[in-house]
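Residue-level listing of the chains:
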Amino acid sequence: MSTSTQQSTLVARSGGRTSGETGAYPADLSLGVTYARDDAYATLAQMTYLRDQGSASLRDAESILRDLEHGQDALLLSSGMAASVAVFQALPAGSRVVVPEIMYFGLTRWLREFGGVQGLDVVEVPNGDLDALRDAVNAAPTALVWLETPANPTWLVADVAASAEIAHDAGAVVAVDNTVATPVHTQPLELGADLVMHSCTKYLNGHDDVVAGALVTADSDAPLWQRIRLQRQLGGAVPDAWSTYLLVRGLRTLVARMRWASASALTIAEHFADHPAIERVAYPGLATDPGHAVAARQMRGGFSGMLSLFVRGDVEPSLGVARGTRLFLRATSLGGTASLVEHRFTFEGPRSRSPRNMLRLSIGLEDPADLVADLEQAIEGARVR
Ligand SMILES: *Cc1c(COP(=O)(O)O)cnc(C)c1O
């Protein structure tokens, strides 16, 4: 397993190509969608059209993601959801898929709305419950086990190595949404997973100005991977050149940003762990967290920058705290330089599974003492008791 020192070297050199004609660094942004043929009607670099083969910039981004995750191949897609959905749409009709009860809400919704139409048999198991996973994959032939760890928005931890062993024994493929941990803290392919999915919109780009997603495979010859490739080509969820460029630029600072955000999140989690206004802090980095033992084994160099505070009371006191913050921006999403606070229950609406008194925090790159002080004054102002 590579150390994060090697990773920082890798990302610092992201897109280290220079432009052939001028030597411009970074290399000129290639905006072309189509590729000219020569006099003999031959392609110059076996490229004909952006959606079919990607572009040089797209391939740059893909090779960085592939190397960060220690995979054999990577595909960039137009959003994290497009990447997730590409996996489910590449499965044969009637496939049985096992997913966690708690995961990114958009995917839960997509499976509810479209899983049936796609002919998928979707089975949910409690996060991190290996016995339930074993029962589920052995109850009937299962095509795919989907994991997300730490799982948005309560940061429940799944043991990737143990889950992969159970899934593989039953003949299922394992995909892991690694958006929150990022390859800096967890490398699912090294732990036995077959596929990794990322919302590049979050930490990988890290500046709240790109929507993109990615998939990385441990086996570029796997039939499912070939189907996923074809799904992107024909389904058409290819990111544009500007997003790809910004993503590569964001990746250059990924390791430095993750180290800072994870260290700050731990400081903030520890500060509020015994706070009278806070019922519970969900953060796998806390020794008291139910997922800590697995996380400590599986995660390296930190536990990511995401945590949730359960404010004493019901909806109102937690919303009061969110309303009172001055530094934290009240907004959804995660993984950017600015810290965000979100009341997931309000955002998700009546079918939400998020706890009513929970505030999800995305810790950015501000000084952690300022963030603690901001939350303290907001709690004070909300008169939580
Ligand atoms: C945001 C997110 C997604 C979806 O990604 P988009 O780029 O918004 O489509 C998937 N999984 C997790 C954990 C996320 O946070």
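Residues numbered from 1 in each chain as written. Predicted model: local features only at pLDDT ≥ 70, side-chain atom pairs only at ≥ 80, totals over all residues. Heavy atoms only, no water.

Novice: Would you mind going over the overall build of the protein chain with me for this structure?
Specialist: Each helix and strand counted, the protein chain has 15 helices and twelve strands in total. Counting only C-alpha atoms and orienting by the principal axes, one finds that the protein chain spans roughly 80 × 55 × 35 Å. Here the protein chain holds 385 residues, and the buried ones make up 54% of them. Counting only contacts in the protein chain whose residues sit at least 6 apart along the sequence, the fraction spanning at least 24 positions is 71%. As displayed, the protein chain offers around 16,200 Å² of accessible surface, 53% of which is attributable to carbon and sulfur atoms. Across the protein chain, the mean location of the 32 positive side-chain charges is 4 Å away from that of the 43 negative side-chain charges. (Helix = DSSP H or I, 4+ residues; strand = E, 2+ residues; numbered from the N terminus. Buried < 20%, exposed > 50% of the residue type's maximum accessible area, 1.4 Å probe, protein only. Contact = heavy atoms within 4.5 Å. Areas by Shrake-Rupley, 256 points an atom, 1.4 Å probe, with all protein chains shown as cover. Lys, Arg positive; Asp, Glu negative; His and termini not counted. Charge placed at Lys NZ, Arg CZ, Asp CG, Glu CD.)

Novice: Could you clarify how one ought to interpret the sheet that holds strand S11 (residues 340-342) in this entry?
Specialist: In any sheet, the strands associate via hydrogen bonds between backbone groups, in a parallel or an antiparallel arrangement. Pairing is mixed across the open sheet formed by five strands, whose spatial order is S8-S9-S12-S11-S10. A strand with exactly one partner marks an edge of an open sheet, and here the two such strands are strand S8 (278-282) and strand S10 (329-330). Sheet topology places S11 next to strand S12 (residues 358-362); three bridges connect them, and they run antiparallel. Paired with Leu340 across the two strands is Ser362, which belongs to S12. (Pairing = 2+ DSSP bridges.)

Novice: Whenever I open this one, the domain arrangement of the protein chain confuses me. Can you help?
Specialist: Accessible area lost during the coming together of the parts is what is often quoted as the interface size. Examined at the domain level, the protein chain breaks down into domain 1 (4-251) and domain 2 (254-382). Taken residue by residue, the interface counts 42 residues in domain 1 and 38 residues in domain 2. Across the domain 1/domain 2 interface, buried area totals approximately 3,300 Å², and carbon plus sulfur atoms make up 56% of it. Here domain 1 is connected to domain 2 by two salt bridges. Salt-bridge contacts for Asp159 lead to Arg297; the nearest nitrogen and oxygen are separated by 3.2 Å. Applying the counting rule to domain 1 against domain 2 returns 20 residue pairs in polar contact (both at pLDDT 80 or more). Take the side of domain 1 that touches domain 2: its biggest share by element is five residues, from helix H1 (residues 4-12). When the residues that make up the side of domain 1 that touches domain 2 are grouped by side-chain class, the tally is 18 nonpolar, 17 polar and seven charged. (Domains from an automatic or database assignment. Buried area = accessible area lost by both parts, 1.4 Å probe. Salt bridge = Lys/Arg side-chain N within 4 Å of Asp/Glu carboxyl O. Polar contact = N/O pair within 3.5 Å; in protein donor to acceptor, adjacent residues only side chain to side chain. Nonpolar A, V, L, I, M, F, W, Y, C, P; charged D, E, K, R; others polar.)

Novice: Please clarify how the site of the ligand should be interpreted in this entry.
Specialist: Taken together, 14 residues lie near the ligand, and Met81, Asp177, Ser199, Thr201 and Lys202 sit nearest. Here Gly80 contributes a backbone N or O atom positioned 2.8 Å from an oxygen atom of the ligand. In the model, an oxygen atom of the ligand is placed 2.8 Å from a nitrogen or oxygen of the Lys202 side chain. In isolation the ligand exposes 380 Å². Once the protein is present, 92% of that is buried. Within the residue set of the shell around the ligand, elements represented by two or more residues are helix H4 (80-89) and strand S6 (195-199). Split into classes, the residues belonging to the shell around the ligand amount to five nonpolar, six polar and three charged. (Near = heavy atom within 4 Å.)

Novice: I would appreciate a short explanation of H4 in the present structure.
Specialist: Every α-helix carries 3.6 residues per turn, so stepping three or four residues along brings you back to the same face. The buried count for H4 comes to eight of ten residues, which makes it a mostly enclosed element. The residue sitting at the N-terminus of H4 and contributing the capping side-chain oxygen is Ser79; that oxygen lies 3.4 Å from the backbone nitrogen of Met81.

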